[in-house]
Amino acid sequence: MSFEWNEEKNAANIRNHGIDFLDAALIFENPRIEAIDERADYGELHLGYLVRRSCTSSTPGVEKTSFASSAPERETGMTQKNTTVSYSLSAIRRKTSRGASKTRADAPAAAPLGDDFWKRARIVMPQGKTSVHLRVDSDVFDWFKKQGEGHLTRMNAVLRSYVEAQKH
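Residues numbered from 1 in each chain as written. Predicted model: local features only at pLDDT ≥ 70, side-chain atom pairs only at ≥ 80, totals over all residues. Heavy atoms only, no water.

1. A short note on the overall build of the protein chain
Next, step 1: Along the protein chain, the regular secondary structure elements total six helices and seven strands.
Next, step 2: The order of helices and strands in the protein chain, counted from the N terminus, is β-α-α-β-β-β-β-β-α-α-β-α-α.
Next, step 3: In the protein chain, buried positions account for 28% of the 168 residues.
Next, step 4: As displayed, the protein chain offers around 11500 Å² of accessible surface, 53% of which is attributable to carbon and sulfur atoms. (Helix = DSSP H or I, 4+ residues; strand = E, 2+ residues; numbered from the N terminus. Buried < 20%, exposed > 50% of the residue type's maximum accessible area, 1.4 Å probe, protein only. Areas by Shrake-Rupley, 256 points an atom, 1.4 Å probe, with all protein chains shown as cover.)

2. A short note on the confidence of the model for the protein chain
Caution is warranted with low-pLDDT regions, since their predicted coordinates should not be read in detail.
Next, step 1: Looking at the protein chain as a whole, its pLDDT mean stands at 75, while 79% of the residues score no less than 70.
Next, step 2: Averaged over each element, pLDDT in the protein chain is lowest for strand β4 (residues 55-59) (44) and highest for helix α5 (residues 138-146) (94).
Next, step 3: Segment residues 52-79 is flagged for pLDDT under 50; beyond a separation of four residues in sequence, or across chains, it makes 77 contacts in the model. (pLDDT = per-residue confidence, 0-100. Contact = heavy atoms within 4.5 Å.)

3. What about the packing of α5 against helix α6 (residues 151-167)?
Next, step 1: Interhelical geometry of α5 versus α6 gives an angle of 120° and a closest axis separation of 8 Å. Considering the relative orientation of α5 and α6, their crossing is right-handed. Contacts between α5 and α6 involve Phe141, Phe144 and Lys145 from the first element and His151, Leu152, Arg154, Met155 and Val158 from the second.
Next, step 2: Taken together, the residues of the contact of α5 with α6 break down into five nonpolar, one polar and two charged. (Axes fitted to C-alpha atoms, helices over the stretch in contact; angles between N-to-C directions. Left-handed = near helix turned anticlockwise from the far one by under 90°. Nonpolar A, V, L, I, M, F, W, Y, C, P; charged D, E, K, R; others polar.)

4. Brief notes about the packing of aromatic side chains
Think of a pair of aromatic rings as described by two things: how far the centres are apart, and how the planes are tilted against each other in angle.
Next, step 1: One pass over the structure, following the stated rule, counts four aromatic pairs.
Next, step 2: Aromatic side chains Phe3 and Phe28 sit 5.4 Å apart centroid to centroid with 45° between the ring planes, which places their arrangement in the tilted category. Placement of the pair is Phe3 in strand β1 (residues 2-6) and Phe28 in the loop between α2 (21-25) and β2 (32-36), with a sequence separation of 25 residues. Like Phe3, the residue Phe28 is buried in the burial classification.
Next, step 3: Judged by centre distance (5.4 Å) and plane angle (45°), the ring pair of Trp5 and Tyr87 falls under tilted. You can see Trp5 sitting in strand β1 and its partner Tyr87 sitting in strand β6 (residues 84-88), a full 82 residues away along the chain. The exposure classification of Trp5 matches that of Tyr87, with both residues buried.
Next, step 4: Ring-pair connections join several aromatic residues into one group, and the members of that group are Trp5, Phe21 and Tyr87. (Phe/Tyr/Trp six-rings, centres within 6.5 Å; stacked < 30°, edge-to-face > 60°.)

In structure tokens:
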């Protein structure tokens, strides 16, 4: 799974809510409760998540989750410069372990979810991984390894793309 967000929106979220999207992304590695967030008209589908510390919302995707995206017709006050970043879950864990998160300790609690959230809520378990011993051609492995850190994640992404293509 990869995550994508606009750094300007992340900075605004830290300013307004005290939560860094780096921390928000980590909710996907643990069991969580989710439901469609209908508290406002976002102009797109938003899911609300209940996790240990707070709620966050995202636009769901199969392999990529975008945080705090805005509907096209809304004014965002953001510059035209593309400040979108993309991270894998393992890269996010490394960044947060190095202290890159700007989440404030005094971040306010999320707004109450209300009874409607609980009527629609469902428990979502993180997708598991299976450890395997796999023999691959040396040149193939070397090519992936030369691409830098995360070579096994990229190899898995290629396999997933193949599987998804075969399903359709």
